[in-house]
Amino acid sequence: ADLERALEITPGDPSLWNWVGLAKSERGDNRGAERAFQKAVELDPADPLYHANLAYQYLDEMRLAEAKREIDTALAIDPSFDLVLVARGRYHLQNGNLDKAIDDLLAGSTANPAYSNAQLLLSAAHYEKGDRLPAAQALDNADRLDPNDPVVATVRTAIAPATVSGTRRGSSPR
């Protein structure tokens, strides 16, 4: 409601539209989030953040071609922008290109070492590749960076059976 009131006062502020998009996305209003991010992009097409957030919205909806378009646009504006590198890593992860995903996720986490979601996605990419030790290390990093993120515990729970079943016969899991 506060964001909607702020938009009434300054409807041409792309940052406000971006915040509206984030709020609507968090609440599950995909169409509203998309419209808000598109409005932010329309108002300031040179800001890679708005393209990145629109790309994440599309990735959440498995609209990969549209996500790729926004990722490419954002990278053309700023090739070192950490959120876009992570978005491209996620795009590759969702397409099954694990090596490319890992490269981009490492680049994104290097550009912003405090971004826990990059570590979480990096963990997923390593796990999908079967590289359990780097997956566990990245998951530990994500937990260290954001100890309140419930996704880390959820991922640990989800992969625990695979870790246990991966032990040698006759050995006990530790």
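Details of the structure are given in the entry above.
Residues numbered from 1 in each chain as written. Predicted model: local features only at pLDDT ≥ 70, side-chain atom pairs only at ≥ 80, totals over all residues. Heavy atoms only, no water.

*Asks:* Just give me the short version of the environment of lysine 24, but keep the residues and values in it.
*Replies:* By the element assignment, lysine 24 lies in helix H2 (residues 14–26). Residue classification places lysine 24 among the partly exposed positions, given a relative accessible area of 24%. Considered as a pair, lysine 24 and glutamate 34 are 10 residues apart in the sequence and their alpha carbons are 8.7 Å apart. Those residues within four positions of lysine 24 in sequence are excluded, and the remaining contacts are Glu4, Asp29, Gly32 and Ala33. (Helix = DSSP H or I, 4+ residues; strand = E, 2+ residues; numbered from the N terminus. Buried < 20%, exposed > 50% of the residue type's maximum accessible area, 1.4 Å probe, protein only. Contact = heavy atoms within 4.5 Å.)

*Asks:* Help me get a handle on the side chain of glutamate 61, residues and values and all.
*Replies:* One can find glutamate 61 in the loop between helix H4 (48–60) and helix H5 (64–77). Take glutamate 61: its relative accessible area is 18%, and that puts it in the buried class. Among all residues touching glutamate 61, those that are not within four sequence positions of it are Asn30 and Arg31.

*Asks:* Let's hear about the nonpolar core: which residues, and what values?
*Replies:* Leu59, Ile71, Val84, Val86, Leu93, Leu105 and Ala125 are the most contacted members of the largest nonpolar core, which has 33 residues in total. For this core, the elements supplying multiple residues, two or more each, are helix H3 (30–43), H4, H5, helix H6 (82–95), helix H7 (98–111) and helix H8 (116–129). Residues within four places of isoleucine 71 in sequence aside, it is in contact with Ala55, Val84, Ala87, Arg88 and Tyr91. Among the nonpolar cores identified, the runner-up in size contains five residues, and Leu120, Leu139, Ala142 and Val152 belong to it. (Core = buried A, V, L, I, M, F, W, Y, C linked by side-chain atoms within 4.5 Å.)

*Asks:* How would you summarise the layout of surface pockets if you had to cite specific residues and measurements?
*Replies:* To locate leftover empty space, one rolls a probe as large as a water molecule over the atoms. In this model, the largest pocket occupies a volume close to 200 Å³. Tyr56, Asp60, Arg90, Tyr115, Asn117, Asp149 and Val151 together form the lining of the largest pocket. Counted by class, the lining of the largest pocket contains three nonpolar, one polar and three charged residues. In this structure, the second largest pocket occupies an estimated 160 Å³ of space. Lining the second largest pocket are Ala1, Leu3, Glu4, Val20, Ala23, Lys24, Arg27 and Asp29. Element by element, the count of residues in the lining of the second largest pocket is highest for H2, at three residues. (1 Å grid on protein atoms, 1.4 Å probe; cavity = no way out; pocket = protein on both sides within 12 Å on 5 of 7 lines; lining within 4 Å. Points joined across faces, edges and corners; volume = space filled by probe spheres on them. Nonpolar A, V, L, I, M, F, W, Y, C, P; charged D, E, K, R; others polar.)

*Asks:* Tell me about the pattern of salt bridges, residues and numbers included.
*Replies:* Applying the stated criterion across every chain yields a total of 16 salt bridges. For arginine 31, the salt bridge is made with glutamate 61, and the minimal N-O distance between the two is 2.6 Å. In this pair, arginine 31 is assigned in helix H3 and glutamate 61 in the loop between H4 and H5, connecting sequence segments 30 residues apart. When salt bridges that share partners are traced, they join Arg31, Glu34, Glu61, Arg63 and Glu66 into one network. (Salt bridge = Lys/Arg side-chain N within 4 Å of Asp/Glu carboxyl O.)

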